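# Fold and geometry: a report
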Amino acid sequence: MPSTQILVEFASAVTSGSIKVVDLTQVLSEDTPLLVLPDPFGQTAAFSRQEISRYDERGVAWHWNNFTVGEHTGTHFDAPVHWVTGKDLDDNTVDRVPPQRLVAPAAVLDFSAECAADPDFLLTGAHVEAWEAEHGAIAAGSWVLFRSDWSKRDPHAYTNRRADGAHTPGPDASAIEALIARDVLGFGVETIGTDAGQAHLLDPAYPAHTLLHGAGKYGLQCLENLDQLPATGAVVIAAPLKIRDGSGSPMRALALIAEATDD
Ligand code: 23J
Ligand code: MN
């Protein structure tokens, strides 16, 4: 049974640094890379801000801004209502994610070497099984985070757009089916979408969005610092803004990890 002692120990471990807090969040700015969909589809808005005052006649002692941003710009959370397959599910919007689900364990699948060798690398169900053979079964209710090291790329190589669209790694349908079979909480990536850049060519098109959201699962995109996380044992805090009926939201995503000790 949990006792108050667990939280006392937890709080002192965070304070002392024996539990480390890793920031998984990109800086959100006018320079944040954007998903670009082909014509004639609508586009997500870049981050922009409008100054209200800066210690001046508009506000002598205070500085503040308004800002504009897409629900799916920068490090963000995808709710099931984002995709047509999740549109009729209960509690499918960001404001209705149960708060208990905003804190969850993470399995980190490192396929960065494969992604370096092939920008169109597709994670499959066989890759998920191979990872489990080494690290153990993925627990129900976990985030599955796909480490591609994409967040280490410069902005041009990050979006990796060519005439035929973006070339970035992602899962195929078999990988997402494996995760749904394990009843994961959702799937998180370093790239702009939970789907690969060429995922419109897969069957079904956009398998991560189509299958995950149809199963009531969540997505996380544009994560950073996954290379600082252990394969298992991290706890992720990923909390979207509580936008009424929102399909997604920029957020601050954090991971808690136990620092290695000598014992
Ligand atoms: C809309 C349409 C296609 C995609 C996306 C959004 C995303 O990646 C997203 O941010 O959810 S692939
Ligand atoms: Mn999204």
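Residues numbered from 1 in each chain as written. Chains lettered and ligands numbered in written order. Predicted model: local features only at pLDDT ≥ 70, side-chain atom pairs only at ≥ 80, totals over all residues. Heavy atoms only, no water.

Attention now moves to the coordination of the manganese ion (ligand 2). Metal coordination angles have textbook ideals: 109.5 degrees for a tetrahedral set of four donors and 90 or 180 degrees for an octahedral set of six. Within the first shell, the manganese ion (ligand 2) binds the protein through H72 (ND1), H76 (NE2), D78 (OD) and Q221 (OE1), at distances of 2.1 to 2.3 Å. In this structure, the manganese ion (ligand 2) is coordinated by six donor atoms arranged in irregular fashion, with angles at the metal of 57 to 167°. Summarised as a motif, the one-chain spacing of the donors to the manganese ion (ligand 2) is H-x3-H-x1-D-x142-Q. This pair shows no difference in class: H72 is buried, exactly as D78 is. (Donors = N, O, S within 2.8 Å, 3.2 Å for Na, K, Ca; no water. Tetrahedral: all angles 85-135°; square planar, octahedral: opposite > 155°, others 65-115°. Buried < 20%, exposed > 50% of the residue type's maximum accessible area, 1.4 Å probe, protein only.)

Once that is clear, we can look at the layout of surface pockets. Approximately 700 Å³ is the volume found for the largest pocket. L35, V36, L37, I192 and Y206 are, among the 30 residues lining the largest pocket, the residues nearest its centre. Elements with a contribution of two residues or more to the lining of the largest pocket: β4 (76-78), α4 (155-159), β8 (161-162) and β9 (165-166). Considering only residue class, the lining of the largest pocket consists of eleven nonpolar, 15 polar and four charged. Approximately 220 Å³ is the volume attributed to the second largest pocket. (1 Å grid on protein atoms, 1.4 Å probe; cavity = no way out; pocket = protein on both sides within 12 Å on 5 of 7 lines; lining within 4 Å. Points joined across faces, edges and corners; volume = space filled by probe spheres on them. Helix = DSSP H or I, 4+ residues; strand = E, 2+ residues; numbered from the N terminus. Nonpolar A, V, L, I, M, F, W, Y, C, P; charged D, E, K, R; others polar.)

Moving on: the side chain of Q26. With respect to the element layout, Q26 can be found in the loop between β1 (19-23) and β2 (48-56). Ignoring anything within four residues of it in the chain, the contact list for Q26 reads T32, P33, G74, T75, Y158, C222 and E224. (Contact = heavy atoms within 4.5 Å.)

The residue T25 is located in the loop between β1 and β2 in this model. T25 gets classed as buried once you look at its relative accessible area, which sits at 13%. Only 2.7 Å separates the side chain of T25 from the side chain of D23, close enough to count as a polar contact. Aside from chain neighbours lying at most four places away, what touches T25 is T75, E224, M251, R252 and A253. (Polar contact = N/O pair within 3.5 Å; in protein donor to acceptor, adjacent residues only side chain to side chain.)

Among the secondary structure elements, L185 is positioned in the loop between α5 (173-181) and β11 (186-189). In this structure L185 comes out as buried when scored by relative accessible area, which is 6%. Note: C-alpha distance between L185 and A126 (59 residues apart in sequence) is 20 Å. For L185, the residues in contact, after removing those within four places along its chain, are R101, A104, G141, S142, W143, K217 and Y218.

Neighbouring residues of ligand 1: L35, L37, H72, H76, D78, H82, W83, G193, Y206, H209 and Q221. Here an oxygen atom of ligand 1 and a side-chain polar atom of H76 are 3.2 Å apart. Measuring from an oxygen atom of ligand 1, one finds a side-chain N or O atom of H82 at 2.7 Å. Burial of ligand 1 by the surrounding chains reaches 88%, relative to a free accessible area of 330 Å². Judged by its atoms lying within 2 Å of the grid points, ligand 1 is housed in the largest pocket. Split by residue class, the shell around ligand 1 holds four nonpolar, six polar and one charged. (Near = heavy atom within 4 Å. Areas by Shrake-Rupley, 256 points an atom, 1.4 Å probe, with all protein chains shown as cover. Sits in = over half its atoms within 2 Å of the grid points.)

For the rest of this paragraph, the subject is helix α1 (residues 4-16). With 13 residues, α1 should cover 18 Å at 1.5 Å per step; its first-to-last C-alpha distance of 19 Å lies within 8% of that length. G17, located one to two residues past α1, shows a positive phi value of around 90°. (Expected span 1.5 Å × (residues − 1).)

What follows is about the pattern of salt bridges. Inspection of the entire model under this criterion finds twelve salt bridges. Note that R182 and E132 form a salt bridge whose closest N and O atoms lie 2.8 Å from each other. Of this pair, R182 sits in the loop between α5 and β11 while E132 sits in helix α3 (residues 125-135); the two residues are 50 residues apart in sequence, bridging distant segments of the chain. Using a relative accessible area of 14% as the deciding quantity, one classes E132 as buried. (Salt bridge = Lys/Arg side-chain N within 4 Å of Asp/Glu carboxyl O.)

Take a nonpolar patch on the surface next. A grouping of L7, F10, V14 and V21 is seen on the molecular surface, where their side chains present a nonpolar patch of about 330 Å² in accessible area. Broken down by element, the residue count for the nonpolar patch peaks at three residues, all from α1. Checked against the element boundaries, F10 lands in helix α1. For F10, a relative accessible area of 36% puts it in the partly exposed group. (Patch = residues over 30% accessible without salt bridge, like charges linked within 9 Å, V, L, I, M, F, W, Y side chains within 5 Å.)

Moving on to the pairing of strand β12 (residues 218-221). The side-chain alternation of β12 yields two buried faces, one formed by Y218 and L220 and the other by G219 and Q221. Relative to β12, β4 runs antiparallel, the two sharing three bridges. Bridged to D78 within β12 is G219. For the crossover from β11 across helix α6 (residues 207-214) to β12, the handedness is right-handed. (Pairing = 2+ DSSP bridges. Right-handed = clockwise from strand over helix to strand, strands pointing away.)

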